Amino acid sequence: MPIVPATPDAIRRAAQALARGEIVAFPTETVYGLGANALDARAVAKLFAAKERPRFNPLIVHVQGLAEAGEYALVNEVARKVAEAFWPGPLTLVLKRRSTGGIAELVSAGLDTIALRAPANPVAQALLAKAALPIAAPSANRSGHISPTTAAHVEVDLGVRPAMILDGGPSPLGIESTVVSVVGPKPSLLRPGAIPREAIERLLGDQLAAAEAAERAASPGQQPGHYAPRTPLRLDATTVQPDEALLAFGAHVPHGARLTLNLSQSGNLEEAAAKLFASLRELDQAQASAIAVMPIPPTGLGEAINDRLRRAANRG
Ligand code: TXA
Ligand code: MG
């Protein structure tokens, strides 16, 4: 089995595998990523195959920091300010791509922009440093499935085995990075994520624009049907049926579900984000008629949690 504890030796071998054009799954602070050398178009093509992902879905390139970002993209003033505040961390910036950077065209799926992120997870950082390469890495799930927050999730979900799955324990944040485009006249939020919108708006002293329709289309990870469990979801549930599974939130939980998992008894949104995908997976196994989901407040991390839940409910 390719799951390997992320020791320094394993990280060194994973870096060598990346340099040879192989794909490697690795932990980040948000979710597990499925990585390939972003300079190697064939390696990137392998990624799309492993994810069974529609071709024209651009990938996030993971870098060590701002200096590397500048090799592959035009880092404007707003981008620098946001990156200085939130990198390393769960923030992805969509920037104008430098044609001289050497990133495979396939990574941006033909767009003239590129999504970059410097992860905070020490294993991800060590892998980036050892490989000394930009690493293209979507979440390590099969396309349309729930993002993996453990090495075991990666292993059960992917049809094609990566060369290695570096096990760095459960992802502490549990929800993907916030994606902000700084390409247009005003920074815009393309995907709510682990950094709340409010934190970025406070830094900028301005509201993030809603993504333009064209940019949303260019960010197809935002299709409504993304992140779907097999069991239908019923949102904003305040009661529950005996044949339903319940995704609960808070201290006051209706009784009588076939299986109940509480995202956070104390109503803490960070705890809820960290447990969201693993809980959806477990409830999906319960042979329930539906997964009833209790209301979750829409502010802070609640924006990203509600976004993922709406997508999971919309299996169009
Ligand atoms: O937390 C995360 O972001 C994880 C970890 C592994 O870093 N990665 C992740 O990647 O969620 P992925 O491929 O599942 O989602 C990437 C998102 C998608 O919504 C994609 O459409 C958007 O970023 N994206 C990538 N490049 C883009 C670009 N040039 N323009 C607009 N959106 C882009
Ligand atoms: Mg994904």
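So, here's what we can say about the structure. Predicted model, so just to flag it, every value in this text is computed and none were measured.

T30, H62, T113, S177 and R191 are the nearest of the 26 residues found near ligand 1. With respect to ligand 1, the side chain of T113 contributes an N or O atom lying 3.0 Å from a nitrogen atom. Within the side chain of S177, a nitrogen or oxygen atom sits 2.5 Å from an oxygen atom of ligand 1. Protein chains bury 98% of the 680 Å² of accessible surface belonging to ligand 1 in isolation. Mapped onto the shell around ligand 1, the elements with two or more residues apiece are β4 (60-62), β7 (113-117) and β11 (188-191). No other element matches β7, which puts four residues into the shell around ligand 1. Of the residues in the shell around ligand 1, the class split is 13 nonpolar, nine polar and four charged.

A few words now on the packing of helix α4 (residues 77-86) against helix α7 (residues 197-204). Between α4 and α7, the least distance of the axes is 11 Å, while the angle of their chain directions is 125°. Between α4 and α7, the crossing angle belongs to the class labelled oblique. When the axes of α4 and α7 are compared, the crossing they make is right-handed. For the pair α4 and α7, the contacting residues are V78, K81, V82, A85 and F86 in the first and A199, I200, L203 and L204 in the second. When the residues that make up the contact of α4 with α7 are grouped by side-chain class, the tally is eight nonpolar, no polar and one charged.

Pairing in this open sheet of four strands is parallel, and the strands run β13-β16-β14-β15 from one edge to the other. Each edge of the sheet is formed by a strand with only one pairing partner; in this case those strands are β13 (233-234) and β15 (259-262).

So, on to the pairing of strand β6 (residues 91-97). Counted residue by residue, β6 has six buried out of seven residues, so it is predominantly covered. Direction of pairing for strand β5 (residues 73-74) relative to β6: antiparallel, over a ladder of two bridges. The residue of β6 that forms the bridge with A73 is R97. Here β6 pairs with strand β10 (residues 178-181) via four bridges, running parallel.

Now for the environment of I296. Mapped onto the elements of the fold, I296 is located in the loop between β16 (291-293) and α10 (302-313). Classification of I296 by relative accessible area gives buried; the value is 8%. Separated by 160 residues in sequence, I296 and A136 place their C-alpha atoms 32 Å apart. Beyond its immediate stretch of four places on either side in the chain, I296 contacts F249, L263, L269, I305, N306 and L309.

This part covers the pairing of strand β9 (residues 164-167). Where strand β1 (residues 3-5) lies against β9, three bridges are found, and the strand directions are parallel. Bridging from a neighbouring strand, P5 pairs with D167 of β9. Strand direction decides the pairing type here: strand β2 (residues 24-26) and β9, joined by two bridges, are parallel. What sits directly across from A25, in β9, is I165.

For α10, built from twelve residues, the straight-helix expectation of 16 Å at 1.5 Å per residue is met to within 8% by its first-to-last C-alpha distance of 16 Å. Among the twelve residues that make up α10, nine are buried, leaving the element largely enclosed by the rest of the structure. The complete set of buried residues in α10 reads G302, A304, I305, N306, D307, R308, L309, R311 and A312. On its buried face, α10 sits against β11, β13, β14 (245-248), α9 (269-284) and β16.

Let us now look at the pattern of salt bridges. Scanning the entire structure with this criterion turns up 14 salt bridges. Two residues, R117 and E29, come together in a salt bridge whose shortest N-O distance is 2.9 Å. Placement of R117 in strand β7 and of E29 in the loop between β2 and β3 (33-37) is noted, with a sequence separation of 88 residues between them. For the pair formed by R117 and E29, the shared burial category is buried. Ionic pairing is found between R308 and D307, a salt bridge with its closest N-O pair at 2.7 Å. Of the two residues, R308 and D307, neither departs from the other in class, the shared state being buried. Among the charged side chains, a salt-bridge network with shared partners connects E176, D307, R308 and R311.

Attention now moves to the packing of helix α1 (residues 8-19) against helix α5 (residues 122-131). Here α1 crosses α5 at 55°, and the two axes come no closer than 9 Å. One way to sum up the angle between α1 and α5 is to call them oblique. Crossing angle aside, the handedness with which α1 passes α5 is right-handed. Note on element contacts: α5 touches α1 through V123, A126, L127, K130 and A131, opposite I11, R12, A14, A15 and L18.

The rules behind each value
Residues numbered from 1 in each chain as written. Chains lettered and ligands numbered in written order. Predicted model: local features only at pLDDT ≥ 70, side-chain atom pairs only at ≥ 80, totals over all residues. Heavy atoms only, no water. Near = heavy atom within 4 Å. Polar contact = N/O pair within 3.5 Å; in protein donor to acceptor, adjacent residues only side chain to side chain. Areas by Shrake-Rupley, 256 points an atom, 1.4 Å probe, with all protein chains shown as cover. Helix = DSSP H or I, 4+ residues; strand = E, 2+ residues; numbered from the N terminus. Nonpolar A, V, L, I, M, F, W, Y, C, P; charged D, E, K, R; others polar. Axes fitted to C-alpha atoms, helices over the stretch in contact; angles between N-to-C directions. Parallel < 35°, antiparallel > 145°, perpendicular 65-115°, else oblique. Left-handed = near helix turned anticlockwise from the far one by under 90°. Contact = heavy atoms within 4.5 Å. Pairing = 2+ DSSP bridges. Buried < 20%, exposed > 50% of the residue type's maximum accessible area, 1.4 Å probe, protein only. Expected span 1.5 Å × (residues − 1). Salt bridge = Lys/Arg side-chain N within 4 Å of Asp/Glu carboxyl O.

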